[in-house]
Amino acid sequence: MGFLDALLGRSKPVRPDLDQLFALPSAAVTLEAAAGFRPTGLGSVCFASVEGGAFSRIQDEARGLLGGSVEFSQDAYGYTWLLARHPEQDVAGLVNDLHAVNTSLEEAGFGPQLLCSLIGFRDGKDRSLALVYLYKRGTFYPFAPQPGGGEKRDNPLELQVRAMLGDDLTIEKDLARWFPVWGAPGL
């Protein structure tokens, strides 16, 4: 960071640390013990759409890395989602797959298009929860849609999860960056 950046209040963006994803298995244990949320075995990576042959290459590479346990979709905003499936108890395997996909995209020059990765959880009351990793911030946050559909969040639950996982994950401090991921595959 230069002198002018310091004077103008600008800071360098945090360099993504994909290895932080490896903290998710222990966070999953904490989440289950403290709140009864169990992993669903679903996780996804979201990135800005890539056109043409590059997108086909990404799909082929992901299928080669993960076998047949991967699906691609586009959301209403034009973002591409890659959904990976694992047995519910295999959080470490799911995290390894998400890490491999993120790393592969980054090494292929698509790092700027990466937005987030998430792993889904569900509790005995059929509430959904996702732990979302913000690629460009290098932080996590919980996203909890209220049961019954619609686009309403369970903010008290999100804040409880933040308190529970503060020792396990680097939690995003700026609540304005806890973006909703409505309809995300894996949620």
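Reading the values: rules and limits
Residues numbered from 1 in each chain as written. Predicted model: local features only at pLDDT ≥ 70, side-chain atom pairs only at ≥ 80, totals over all residues. Heavy atoms only, no water. Buried < 20%, exposed > 50% of the residue type's maximum accessible area, 1.4 Å probe, protein only. Helix = DSSP H or I, 4+ residues; strand = E, 2+ residues; numbered from the N terminus. Pairing = 2+ DSSP bridges. Salt bridge = Lys/Arg side-chain N within 4 Å of Asp/Glu carboxyl O. Contact = heavy atoms within 4.5 Å.

**Q** Help me out: how do you make sense of the pairing of strand E3 (residues 79-85) in this one?
**A** Where burial is concerned, most of E3 is hidden: five out of the seven residues are buried. Judged from the five bridges that link them, strand E2 (residues 70-74) and E3 form a sheet pairing that is antiparallel. Pairing of Val70 across the sheet is with Ala84, part of E3. The turn joining E2 and E3, which pair antiparallel and follow one another in sequence, is formed by four residues; a positive phi near 90° is taken by Gly78.

**Q** When you look at the pattern of salt bridges in this model, what are you seeing that I'm missing?
**A** Side chains that differ in charge, positive against negative, can pair when their charged atoms come close. The final tally for this structure, using the stated rule, is seven salt bridges. For Arg38, the salt bridge goes to Glu32, with nearest N and O atoms at 2.7 Å. Classification of Arg38 as partly exposed rests on a relative accessible area of 46%. Note that Arg177 and Asp174 form a salt bridge whose closest N and O atoms lie 3.7 Å from each other.

**Q** Sorry if this is basic, but what is going on with the environment of Leu165 here?
**A** Position of Leu165 among the secondary structure elements: in helix H5 (residues 155-165). Not counting residues up to four positions away in its chain, the partners in contact with Leu165 are Ala27, Thr30, Leu31, Leu131 and Ile171.

Don't take any of this as a statement about function, it's just geometry.
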